[in-house]
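Overview (structure and organization)
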Amino acid sequence: MIPVAEDFGRDGRIREDLRLGRICLSRRLAVPVSTFEDIILARQRVKRLMVEMDFCTLARTRVITAVSELTRNIVVHAGSGEMTVFQSAPGSRLPLILCEFTDQGPGIADIFLALRAGYSTSDSMGLGLSGSRKLCKYFHIESTLGKGTRVIIAEWKTS
Ligand SMILES: Nc1ncnc2c1ncn2[C@@H]1O[C@H](COP(=O)(O)OP(=O)(O)OP(=O)(O)O)[C@@H](O)[C@H]1O
Ligand SMILES: [Mg+2]
């Protein structure tokens, strides 16, 4: 039986809409990422936007933690890249923030392995990707060896 959209629940439906590019988003800001100072700037910019959008402290903390990890991955594993932040139209019935992290670094050979808690190629804790996936309502990763990596996270208000 094919599940009807309603079966996903509200959050599931939003995830599906994001996956299919069905949510109208506008680009709010972009932060080039190549230094540890850029990580701090990326955190500050996302925090400010989430305060402006009136997200609760818990949601802000979850997203900003993921922003730290994903920008740090760009610096550590790819050298440089970019974070781009989008939001749903102001006044939209669905207040949503989406952050995209892209780099043209070495890419990830085995995404399944990279998402496993404790897996690291840099002798670190290996918790950045798995933690971000757990923290965010929406998490998407794609990577091509030799070409780069793209991670998307999103958070929205639960009614
Ligand atoms: N942007 C990226 N480009 C290339 N490889 C990456 C990228 N992000 C993650 N990886 C690979 O995925 C692995 C897991 O990433 P994750 O962030 O979970 O752990 P880590 O960065 O090694 O350690 P931690 O984040 O806990 O300090 C990394 O060790 C690395 O091999
Ligand atoms: Mg990491």
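Positions within a chain are numbered from 1, following the residues in the order the chain's sequence is written. Chains carry letters from A onward and ligands carry numbers from 1 onward, assigned in written order. Selection of residues for local features in this predicted model requires a pLDDT of at least 70, selection of side-chain atom pairs for listing and counting requires 80 or more, and totals for whole chains, interfaces and linings are taken over all residues.

Tracing the sequence through the fold places Ile111 in helix α4 (residues 111-114). As a rule, residues whose C-beta atom has 12 or fewer other C-beta atoms within 10 Å are exposed, those with 20 or more are buried, and those in between are partly exposed; C-beta atoms are placed from the backbone. On the neighbour-count criterion, Ile111 (13 C-beta atoms within 10 Å) is partly exposed. C-alpha of Ile111 to C-alpha of Thr144: the two residues are 33 residues apart in sequence and 9.7 Å apart in space. Numbering of helices and strands starts at the N terminus; helices are DSSP runs of H or I of at least 4 residues and strands are runs of E of at least 2.

All right, on to the site of ligand 1 then. Think of it this way: take the backbone, place a C-beta atom on it, and check whether that atom is within 6 Å of the molecule or strand, in which case the residue is near it. Every one of the 24 residues lining ligand 1 counts as a neighbour, but Ala114, Ser120, Thr121, Ser124 and Gly128 are closest to it. Of all the secondary-structure elements, those providing two or more residues to the shell around ligand 1 are α3 (57-78) and α5 (128-135). No other element matches α3, which puts six residues into the shell around ligand 1. Side-chain classes follow a simple rule in which Ala, Val, Leu, Ile, Met, Phe, Trp, Tyr, Cys and Pro form the nonpolar group, Asp, Glu, Lys and Arg form the charged group, and the remainder, Gly included, forms the polar group. Within the shell around ligand 1, the residues separate by chemical class into 10 nonpolar, 12 polar and two charged.

Strand pairing is assigned whenever DSSP identifies at least 2 bridges connecting the two strands. The pairing of strand β4 (residues 138-144) with strand β5 (residues 148-156) spans seven bridges and is antiparallel. Bridged to Tyr138 within β5 is Ala154. The loop that links β4 with its antiparallel partner β5 comprises three residues; one of these, Gly146, has a positive phi angle of about 85°.

Residues apart from glycine generally show negative phi values, whereas peptide bonds are mostly found in trans. For Asp54, which is not glycine, the phi dihedral falls at a positive 65°. Among the structural elements, Asp54 can be located in the loop between α2 (36-52) and α3. Assessed through the 9 C-beta atoms surrounding it within 10 Å, Asp54 is described here as exposed. Positive phi, close to 55°, is recorded for Asp123, a residue that is not glycine. Looking at the element boundaries, Asp123 is found in the loop between α4 and α5.

A few words now on α5. Here α5 has its buried residues at Gly128, Leu129 and Ser132. Axial view of α5: buried residues confined to an arc of 95°, hence all on one face. Considering only its buried residues, α5 is in contact with α3, α4, β4 and β5. By definition, the arc is the one covered by directions from the helix axis to the C-beta atoms. Placing C-beta atoms from the backbone, we regard two residues as in contact once those atoms come within 7 Å.

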